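Each chain is listed here by its residues.
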Amino acid sequence: MSDSDTLSADVVIVGSGIAGGHTAYKLAGAGVKTIVLEAGPHLSRNEAVSNFVANPEKGPNAPYPSVPYAPHPVDGKDNDFYVQGGPDQFVGSYTRILGGTTWHWTGFADRLRPADFRMKTRYGVSEDWPITYEDLISHYEEAEKMWGVAGDPDYDWGSPRKVPYPQPPIPSSYMDQQIDIGLKKVGLHMAQFSHARNSVPFDGRPACCGNNTCVPICPIQAKFDGSVHTLKAQALGAQIVTKALATKIEVDADRNVTGIRFKRPDGSEGIATAKIYVVACHAIETPRLLLNSKGENAPDGVANSSGNVGRYLLSQLNQDVWGLTKDPVYPYRGPQQTSGIIEFRDGEFRSKRAAVGTSFMNDGWSGNEDAVKLAGDLAKQGYRGHKMISAMREQMARHLRLNSSAETLGDRGNRIELDETKLDSAGIPRPKVYFKVDEYTKAGLAYAVDASKKVFEALGATGVKTDTPYLSSAIICGTTRMGTDPKTSVVDVHLRAHDHKNLFILGTGAHITAPVNAPTLTVAANALRASQVILADLGKL
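Remember, predicted model here, so these are calculated numbers, not experimental data.

About the criteria used
- Residues numbered from 1 in each chain as written.
- Predicted model: local features only at pLDDT ≥ 70, side-chain atom pairs only at ≥ 80, totals over all residues.
- Heavy atoms only, no water.
- Helix = DSSP H or I, 4+ residues; strand = E, 2+ residues; numbered from the N terminus.
- Rg over C-alpha atoms; globule rule 2.2 N^0.38 Å.
- Buried < 20%, exposed > 50% of the residue type's maximum accessible area, 1.4 Å probe, protein only.
- Contact = heavy atoms within 4.5 Å.
- Areas by Shrake-Rupley, 256 points an atom, 1.4 Å probe, with all protein chains shown as cover.
- Lys, Arg positive; Asp, Glu negative; His and termini not counted.
- Charge placed at Lys NZ, Arg CZ, Asp CG, Glu CD.
- Arc of directions from axis to C-beta.
- 1 Å grid on protein atoms, 1.4 Å probe; cavity = no way out; pocket = protein on both sides within 12 Å on 5 of 7 lines; lining within 4 Å.
- Points joined across faces, edges and corners; volume = space filled by probe spheres on them.
- Nonpolar A, V, L, I, M, F, W, Y, C, P; charged D, E, K, R; others polar.
- Core = buried A, V, L, I, M, F, W, Y, C linked by side-chain atoms within 4.5 Å.
- Phe/Tyr/Trp six-rings, centres within 6.5 Å; stacked < 30°, edge-to-face > 60°.
- Salt bridge = Lys/Arg side-chain N within 4 Å of Asp/Glu carboxyl O.
- Pairing = 2+ DSSP bridges.
- Axes fitted to C-alpha atoms, helices over the stretch in contact; angles between N-to-C directions.

Novice: Help me out: how do you make sense of the overall build of the protein in this one?
Specialist: Scanning the protein for helices and strands turns up 12 helices and 19 strands. Taking 541 residues into account, the globule formula puts the C-alpha radius of gyration at 24 Å, and the protein, at 23 Å, falls close to it. Looking at the 541 residues of the protein, the share that counts as buried comes to 60%. Long-range contacts, defined as pairs at least 24 residues apart, comprise 73% of the intrachain contacts of the protein with a sequence gap of at least 6. Counting only carbon and sulfur atoms, one obtains 51% of the accessible surface of the protein, whose full area is about 20,500 Å². Placing the 59 positive and 59 negative side-chain charges of the protein at their respective mean positions leaves the two points 3 Å apart.

Novice: Could you clarify how one ought to interpret helix 2 (residues 45-54) in this entry?
Specialist: Within an α-helix, residues lying three or four positions from one another point in the same direction, as the helix has 3.6 residues per turn. For helix 2, the set of buried residues is Arg45, Ala48 and Phe52. Down the axis, helix 2 shows its buried residues gathered within 65° of arc, on one side only. Those residues of helix 2 that are exposed and angled more than 90 degrees off the buried face are Asn46, Val53 and Ala54. Those residues of helix 2 that are buried are in contact with helix 7 (227-235).

Novice: What is the right way to look at empty space enclosed by the protein in this model?
Specialist: To find the voids left in a structure, one rolls a probe of water-molecule size over its atoms. With the rule as written, the count across this model stands at 3 cavities of 30 Å³ or more. Counted as a void, the largest cavity has a volume near 90 Å³. Lining of the largest cavity is provided by 14 residues; of these, Cys208, Asn211, Asn212, Cys214 and Cys218 occupy positions nearest its centre. Taken together, the residues of the lining of the largest cavity break down into 8 nonpolar, 4 polar and 2 charged. Counted as a void, the second largest cavity has a volume near 60 Å³. Around the second largest cavity, the lining residues are Ala109, Asp110, Arg111, Glu144, Asp156, Trp157, Ser159, Arg161, Tyr165, Ser194 and Asn517. Residues that form the lining of the second largest cavity fall into these classes: 3 nonpolar, 3 polar and 5 charged.

Novice: How should I be thinking about the nonpolar core in this particular structure?
Specialist: For soluble globular proteins, nonpolar side chains are generally found buried alongside one another. Counting 82 residues, the largest nonpolar core has Val11, Leu37, Trp147 and Leu506 as its most contacted members. Core analysis: the next-biggest nonpolar cluster, separate from the first, contains 43 residues, Met119, Ile284, Ala354 and Ala406 among them.

Novice: Explanation requested: the packing of aromatic side chains in the structure shown.
Specialist: For any two aromatic rings, the description comes down to two numbers: the centre-to-centre distance and the angle of the planes. Evaluation of the coordinates by the stated rule reveals 14 aromatic pairs. Ring centres 5.2 Å apart and planes at 85° place the aromatic pair Tyr82 and Phe90 in the edge-to-face group. A relative accessible area of 1% means that Tyr82 is categorised as buried. Given a relative accessible area of 0%, Phe90 falls into the buried group. Ring centres of Trp147 and Phe224 lie 5.0 Å apart, and the angle between their planes is 20°; this geometry places the pair in the stacked category. Pair noted here: Trp147 is in helix 5 (residues 133-147) and Phe224 is in the loop between strand 5 (190-192) and helix 7, with a separation of 77 residues, a long-range link. The exposure class assigned to Trp147 is buried, which follows from its relative accessible area of 0%.

Novice: Looking at this structure, I do not really get the pattern of salt bridges. What am I missing?
Specialist: Two side chains that carry opposite charge are able to pair once their charged atoms sit near each other. Under the defined criterion, the tally for this structure stands at 26 salt bridges. The shortest N-O distance in the salt bridge between Glu285 and Arg96 comes to 3.1 Å. Pair noted here: Glu285 is in helix 8 (residues 282-291) and Arg96 is in the loop between strand 4 (83-87) and helix 4 (119-123), with a separation of 189 residues, a long-range link. This pair shows no difference in class: Glu285 is buried, exactly as Arg96 is. Residue Glu144 pairs with Arg111 through a salt bridge whose shortest N-O separation is 3.0 Å. In this pair, Glu144 sits in helix 5 while Arg111 sits in the loop between strand 4 and helix 4, placing the two residues 33 residues apart along the sequence. Of the two residues, Glu144 and Arg111, both sit in the buried class. Beyond isolated ion pairs, a larger network of salt bridges with shared partners links Arg113, Asp116, Asp346, Arg350 and Glu407.

Novice: Explain the sheet that holds strand 9 (residues 269-273) here, please?
Specialist: Pairing between the strands of a sheet is mediated by backbone hydrogen bonds and can be parallel or antiparallel. Read across the sheet, 4 strands follow the order 1-9-8-7 without closing on themselves; strand pairing throughout is mixed. One side of each edge strand has no neighbouring strand; the edge strands of this open sheet are strand 1 (6-8) and strand 7 (245-251). On average, each strand axis in the sheet is tilted by 25° relative to the strand beside it, whichever way the strands run. Relative to strand 9, strand 1 is paired through 3 bridges, and the arrangement is parallel.

Novice: What am I meant to see in the environment of Ile18 here?
Specialist: Note on placement: Ile18 falls in helix 1 (residues 18-29). We classify Ile18 as buried; its relative accessible area is 7%. Sequence separation between Ile18 and Gly259 is 241 residues; the distance between their C-alpha atoms is 23 Å. Contacts of Ile18, omitting those with residues within four sequence positions, involve Gly99, Thr102, Trp147, Phe224, Gly226, Thr520, Val523 and Ala524.

Novice: I'm lost on unusual backbone geometry in this one. Help?
Specialist: Residues other than glycine predominantly adopt negative phi, and peptide bonds predominantly adopt the trans conformation. Pro87 follows Gly86 through a cis peptide bond whose omega is 0°. If you trace the backbone, Pro87 turns up in strand 4. Backbone torsion omega between Val215 and Pro216 reads 25°, so that peptide bond is classified as cis. Position of Pro216 among the secondary structure elements: in the loop between strand 5 and helix 7. Positive phi outside glycine occurs at Arg255, with the angle close to 70°. Structurally, the position occupied by Arg255 is in the loop between strand 7 and strand 8 (257-263). A positive phi angle, close to 55°, is found at Tyr330, a residue other than glycine. Locating Tyr330 in the fold gives a position in the loop between strand 11 (316-324) and strand 12 (337-341). For Tyr330, a relative accessible area of 39% translates into the label partly exposed.

Novice: How should I be thinking about the pairing of strand 7 in this particular structure?
Specialist: A regular strand places its side chains on the two faces of the sheet in alternate fashion. With 5 of its 7 residues buried, strand 7 lies for the most part within the structure. With 6 bridges connecting them, strand 7 and strand 8 associate as antiparallel partners. Residue pairing across strands places Val251 opposite Val257, the latter belonging to strand 8. Between strand 7 and strand 8, which pair antiparallel and follow one another directly, the connecting turn spans 5 residues, one of which, Arg255, has a positive phi of 70°.

This is the structure we're talking about:
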């Protein structure tokens, strides 16, 4: 390999999403020579929006084509990417582009609650995290300020605050207000969500104008995504290398990481070397890279002396309730979710059943596909022209859907492995996923769905239906869990690999549980916290 195939820096980061981008931003801002390797391309927002419009499949990855040199799951074709080990179907969706998966996230900017870190102590289930809510408060505050989080100053969703939200709240929709009438009849309450989307112009990005396509794309970037601080890191001097698929981590006899091998779309290879390495490519690709890096000095894969890389995979279990309201509630306006039910998210009930987030879906029955499906149904009934338009308007104004999402608990048997017999288009073994939903999760979801049905009844809705529970495509956690014991965990409390003193592994993989609050803000807070440790380590070298 020639010198031209070698990149060198103080720190090499794999992955340009929230964890990698925030770390690069902090390091580059401190004058550290930093390289970020991103497997996918740098897609412009205009390109992504055009892709979304042209793609008949309107799922999370509709704007983001999977490319042969860095494939990711494709909507509706999960089994072309994942090898299903069962018994439950895994559908985790993520992207490989500059900025990462937050391009298609909902935009919830939630902190975890103090109780979420102490499930064993508080409720006698699962395990406690090795860190506490208090350990993250200052980092939560920093991330919220960086993002410009909008939230209700009068409600904190159970996560105590020392400083107010940086921006005023995103207003509740008219639909939320109508649902509240039904909630009060059954003794439930709602509150406004905190959002990583601008309620007022901030940081060169406009305020939300209600396009209602948050998933899969905010066309005006009112919603924050990982590209914001990855590109800020580049402006501060970080070198961002796109279309560079990390394939192997090299380790020497002293268990120090010595380089990251990567492959370009044309098949040529390079290596990136540094003093410190950071792997931050989400909870599927991170263990894939670690396990694919088996070698003489890492016989079971990098950072895997515990045998737990890829294990304790976490998701959430979802179920929808939908129907036609008696009077118009006017969905399909504003962000896709602006409010939700308070009562099911935390409490002593978690000793027996899972916490559940029940959200009011401003995107109607099935989001971006509703109009196409309804038009087809009406056409079969003989509707045409203005008659069809009038019928669509009348029906869609009364579409109501509540979505409930239940936490899952860590189970060592829920895992990903590499299927050496099945390679993806880049030549890497495909991930084989084993997942089983526990009864604790099912009980929590059933309770919340039953309550949702009572709300529909209180509203006088008709044609009320539910679907079969399904695993979330948005929540992927675990696989490189955090802990104090190297025999049972992959990284320590600072997200440093137990096995390799110059390797940090960031992202949702470190999480012990998958509570109903979105994990993204916690990913950012932990990345900012780890950045301090990395800077301190560099000062000692």
